[in-house]
Amino acid sequence: MGNSAVDISQQILIPEIRQRIESHFGNLEPVKRQRYDGPAKRFKIKGAKGEIGFISPVSSHFCKDCNRLRLTSTGMLRPCLLNKYEKDILQHLRRGASNRELKEIIKSVIRDKPLSHHLEENTGSNVEAQMSKIGG
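Residues numbered from 1 in each chain as written. Predicted model: local features only at pLDDT ≥ 70, side-chain atom pairs only at ≥ 80, totals over all residues. Heavy atoms only, no water.

1. What about the sheet that holds strand 4 (residues 70–71)?
- With antiparallel pairing, 3 strands are arranged side by side in an open sheet as 4-5-6. Two strands lie at the open edges of the sheet, namely strand 4 and strand 6 (87–88), each paired on one side alone.
- In this sheet, strand 5 (residues 76–78) lies alongside strand 4 in antiparallel orientation, the contact comprising 2 bridges. Each residue of the ladder has a partner; that of Leu71, found in strand 5, is Leu77. (Pairing = 2+ DSSP bridges. Helix = DSSP H or I, 4+ residues; strand = E, 2+ residues; numbered from the N terminus.)

Right under this line is the structure:
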């Protein structure tokens, strides 16, 4: 993302992360999926209050199930974290767009949501924005 460069040797994949957690805290128990869950596969540590979620966009391609939109810090609606496509909603808010107009803008962004992020092609990130600006 952005101008960060990660060498493949720096990556720690989910199986290793999970193994490290389980070796210290015990087995991770799957959390039952709910209707509007996003792409994360959620787990609990027995007796713990919180959850941990794993998102693996390359090894477990989830684009077809992704239900996320992001509102960027600059007022753009972005339907895919790893794609440059976004639509300006701020200009419409500033001019006093009706709820119906805003709903149509949001629906158009959803309709134009890319089918895939293309990470598996390993061509490098085509997203120049930093996560703090995208809303990740």
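On we go from here.
2. What about helix 3 (residues 99–111)?
- With 13 residues, helix 3 extends 18 Å from end C-alpha to end C-alpha; this agrees with the ideal 18 Å at 1.5 Å per step.
- Taken together, the buried positions of helix 3 are Leu102, Ile105, Ser108 and Val109. Here the buried residues of helix 3 occupy an arc of 120° about the axis, which is enough to place them on one side. Seen from the open side of helix 3, the exposed residues pointing more than 90 degrees away from its buried face are Asn99, Arg100, Lys103 and Arg111.
- On its buried face, helix 3 sits against strand 5, strand 6 and helix 2 (90–94). (Expected span 1.5 Å × (residues − 1). Buried < 20%, exposed > 50% of the residue type's maximum accessible area, 1.4 Å probe, protein only. Arc of directions from axis to C-beta. Contact = heavy atoms within 4.5 Å.)

3. Quick look at the pattern of salt bridges
- Evaluated as defined, the whole model comprises 6 salt bridges.
- Between Arg20 and Glu16 there is a salt bridge, and its shortest N-O distance comes to 2.7 Å. Linking Arg20 with Glu16, this pair stays in helix 1 (residues 14–25), spanning 4 residues, or about one helical turn.
- Across the pair Arg18 and Glu22 runs a salt bridge whose closest N-O atoms are separated by 3.2 Å. In this pair, Arg18 and Glu22 are both assigned in helix 1, 4 residues apart and thus about one turn of the helix distant. (Salt bridge = Lys/Arg side-chain N within 4 Å of Asp/Glu carboxyl O.)

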